[in-house]
Amino acid sequence: MSSSSYSLRSCPSSSLSIRTGIGSRSSRHLCKLGFTPKWASISPKQWRKSANSSGHDYRYGPVNFCALKDVKSSSSTSRNGNTFEFDVVIIGAGIIGLTIARQFLMESDLSVAVVDKVVPCSGATGAGQGYLWMGHKSPDSDIWELALRSHRLWESLAESLRDQGLNPSEELGWKKTGSLLIGKTPEEFDMLKRKVKQLSGAGLEVEYLSVADLLSMEPALLIGNSCGAAFLPNDCQLDAHCTAAFIEKANRNFEGRYAEFFHDPVTGLLRSGSNGKIEAVQTAKTTLYSKKAIVLAAGCWSGTLLRDLLREEKTVLDVPIMPRKGHLLVIENFNSFHVNHGLMEVGYVNHQALTSAKDLEHTSSISMTATMDVQGNLVLGSSREFAGFNTDINESIIARIWERASEFFPTMKEVSFSEIKSSSKVRIGLRPYMLDGKPVIGPVPGFSNVFLASGHEGGGLSMALGTAEMIVNMVLGIPGKVDPAPFSVQGRC
Ligand SMILES: Cc1cc2nc3c(=O)[nH]c(=O)nc-3n(C[C@H](O)[C@H](O)[C@H](O)COP(=O)(O)OP(=O)(O)OC[C@H]3O[C@@H](n4cnc5c(N)ncnc54)[C@H](O)[C@@H]3O)c2cc1C
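Please read these numbers as outputs of a predicted model, since none were measured by experiment.

Reading guide: rules and limits
Residues numbered from 1 in each chain as written. Predicted model: local features only at pLDDT ≥ 70, side-chain atom pairs only at ≥ 80, totals over all residues. Near = placed C-beta within 6 Å. Helix = DSSP H or I, 4+ residues; strand = E, 2+ residues; numbered from the N terminus. Buried ≥ 20, exposed ≤ 12 C-beta atoms within 10 Å, placed from the backbone. Pairing = 2+ DSSP bridges. Contact = placed C-beta atoms within 7 Å. Expected span 1.5 Å × (residues − 1). Core = buried A, V, L, I, M, F, W, Y, C linked by C-beta atoms within 7 Å.

(A) The arrangement of the site of the ligand in detail. Not every one of the 42 residues close to the ligand is listed here, only the nearest: Gly 94, Gly 123, Gly 299, Gly 429 and Gly 460. Mapped onto the shell around the ligand, the elements with two or more residues apiece are α2 (95-107), β14 (321-331), β17 (378-384), β18 (424-434) and α13 (460-476).

(B) Quick peek at the pairing of strand β6 (residues 179-183). The buried count for β6 comes to 5 of 5 residues, which makes it a mostly enclosed element. The two faces of β6 match: Ser 179, Leu 181 and Gly 183 on one face and Leu 180 and Ile 182 on the other face are all buried. Here 5 bridges tie β6 to strand β8 (residues 228-232), and the two strands are oriented antiparallel to one another. Paired with Gly 183 across the two strands is Gly 228, which belongs to β8. Bridge count between β6 and strand β15 (residues 342-345): 4 bridges; the pairing is parallel. Bridge assignment links Ser 179 to a residue of β15, and that residue is Gly 342.

(C) The arrangement of the environment of Ser 364 in detail. Tracing the chain through its elements places Ser 364 in the loop between α9 (348-352) and β16 (365-372). Accessibility expressed as a C-beta count within 10 Å gives 16 for Ser 364, which makes it partly exposed. As for Ser 364 and Glu 385, which are separated by 21 residues in sequence, their C-alpha atoms are 4.4 Å apart. If we skip the residues at most four places from it in the chain, Ser 364 touches Ser 383, Arg 384, Glu 385 and Ile 397.

(D) Region of interest: helix α3 (residues 144-163). Given a rise of 1.5 Å per residue, 20 residues ought to cover 28 Å, and the 28 Å separating the end C-alpha atoms of α3 matches this to within 8%. Listing the buried residues of α3 in full gives Leu 146, Ala 147, Leu 148, Ser 150, His 151, Trp 154, Leu 157 and Ala 158. Tucked into the core, α3 has its buried residues touching β5 (131-132), α4 (168-172), β9 (236-237) and α13. Just downstream of α3, Gly 165 is the residue with a positive phi angle, here 80°.

(E) The arrangement of helix α10 (residues 395-408) in detail. Here α10 contains 14 residues, and its C-alpha end-to-end distance of 21 Å stays within 8% of the 20 Å for a straight helix at 1.5 Å per residue. Considering only its buried residues, α10 is in contact with β14, β16, β17, α11 (411-414), α12 (417-420) and β18.

(F) A look at the environment of His 327. Assignment of secondary structure puts His 327 in strand β14. It is 9.2 Å that separates the C-alpha atoms of His 327 and Leu 430, two residues lying 103 residues apart in sequence.

(G) Molecular detail of the pairing of strand β10 (residues 258-261). Side chains Tyr 258 and Glu 260 of β10 all project onto a buried face; the interleaved residues Ala 259 and Phe 261 project onto the opposite face, where all are buried too. Of the pairings in the sheet, the one linking strand β4 (residues 112-115) to β10 comprises 4 bridges and is parallel in character. In the strand pairing of β10, Val 115 is matched with Phe 261.

(H) Looking closely at unusual backbone geometry. Despite not being glycine, Cys 121 shows a phi value in the positive range, around 75°. Position of Cys 121 among the secondary structure elements: in the loop between β4 and β5. Positive phi is not limited to glycine here, since Glu 457 has a value of about 45°. Looking at the secondary structure, you find Glu 457 in the loop between β20 (447-454) and α13.

(I) Highlighting the environment of Ala 124. By the secondary structure assignment, Ala 124 is in the loop between β4 and β5. Contacts of Ala 124, omitting those with residues within four sequence positions, involve Gly 94, Gly 299, Cys 300, Gly 429, Leu 430, Arg 431, Pro 432 and Gly 460.

(J) Region of the structure containing the nonpolar core. The biggest cluster of nonpolar side chains holds 137 residues, and the ones touching the most others in it are Ile 90, Ile 100, Ala 113, Val 295 and Leu 296. For Ile 90, the residues in contact, after removing those within four places along its chain, are Gly 97, Ile 100, Ala 101, Val 112, Ala 113, Val 114, Val 295 and Ala 297.

Next comes the structure, spelled out in C-alpha cells:
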C-alpha cells in the first residue's frame, strides 16, 4: 500500500465558526501516528477506519474567526459587509506572520490584520521541534547576525514574562537546557574542535566536551572513544504550538487594532485605479484594504502565491521558495531514559545545507535531533526531502528516524516501537527553502508597499523575532540592528 493512502489530508477539517475571544483551532499536520509501521499489528484497513471516524485525534477545536465588525478601532475600519481596511495586512499566520503582527502592534500604533488559508500552526510552524540553537550555525554565514539577534530577543521575551510573574515554560514551552552538537567519527571530532574555536571567537559561550564529560551529562548516550561534543549552555528551546498560541493571545489584547481572518485563502491583490499601487488583498471571503503595507509571510507557499497574485501584472517575479518536507516523531511521556539537553548530531550541518541543484533529486535524508519538551515528550527529528507540497506520512522515514536515534540511544533498541506507538505522534511540515540557504526579507521589487518574509527553512522559529523586527523597521523607516542587505528580494528572483 502506498504511503499516500495515509494522507494527513484525510483528517476531517473542522467547520467554520465565527467568534472572537479565546482562540481555538484545528491542526491538519499534527495527527496521531497515522500509518502502519511494519512492526505494528494494526492493519491498514483498521487505521483507515479510525482516521475517518470522529474519534480521530485533534489537538484543537473549532476554528476562531475574528471579523472586523467585532473590532472597535479608530485606525481600522469596516468599509462594508466583507470589506475592511487596516494599516498592515499580513498573509500567513505561521510563526513569521504572527511575530510580525506582534511587532507592529508593540512598536507602532498601526492596525494589523492577519489572514490565513487555514489557521496558525497548520504550516511548517506546527511541525517545528522548537530548538533555538546557535551551535549548528556558522559565524561566517549571512544568517548569523539575524539568528543571534533573534536568540537575544527570544531570551528577552522569556525574561520579560518572568518579570511579569509569568512562567515562560508554561507560556512558551520554554526550556534553557543548553545544546550538544555531537560528533561520532574522528572527522566529526576534528570538525567539532574547529567549530568550538569558531563559535567562541564569535563571542558565544561554548566548550568542547570529551566523551567522559559528555556521558556524565547525557548518561543514556552510547558513543565511541573518539567522539565528543560542542556544548552551548545558553541555547534554548520552545514549543511552537504554545508559543504561537501565546503570541496570538497577546496580539488579541490589542483590541481595536488587531483582527484575524482564518480559513480564508488569499486569492488576489487589487491595484488602485488612481495611483496604481497595490491597495488591497483579496481573499475568498473578504477584501482587506491596506493603507501602509502588505506582508507576504506564507512560508513555502510564498513563491507560488506571489507568482499567482502578480499574474495580472506585467512584472514576472519568481522567488524560488521550495517546500522541503520534514517528519518528526513525538513519543509522549517517554520514560525509558531522559534527555537532559537538546541534542543534534554534527552531520545535521551538511544535512541542512545543499551545495547544488543536483542534490534536490535526493529522495530523503535523516539527521538525529532529540529534545525533551516541557510535557515530558521525547521529540525525535528529523527528515528532509523534496516532495512537492505533499504532506503524507512516509512510514519508512519514521522507521529511519527511530533507527538513527537508536544508534545514539541503544536503550531504544530494547523498546518495541509497537508498544509505544499508541502514544506517539508524527508531525509533518514543509520548510520554506531557498537554495542559497537564507530567508528573503524585504520589499518586493516594483511594489514598494508589498514585503516578503519567508524562506527560513529549518530556522524559522529561531529567526522569527529578528525577522519581525527587520520587517517592521523597514516599513516604519527605522534603522535596524541587523543589516537587511543579504536578505533582500532584489537579485534573488
Ligand atoms: C520537522 C520540522 C522541524 C523543525 N524544527 C525547527 C526548529 O527546531 N527550530 C526552528 O527554528 N525551526 C524549525 N523548523 C522550521 C520552522 O518550522 C519553519 O522555518 C517556520 O515554521 C516557517 O514559518 P512560516 O511562518 O514562514 O511558515 P508556515 O508556518 O508554513 O506558515 C505559513 C502560513 O501561510 C499560510 N498560507 C499559505 N498560503 C496562503 C494563502 N493563499 N492565503 C492565506 N494564507 C496562506 C499557511 O496556511 C500557513 O499557516 C522545523 C520545520 C520542520 C518541518
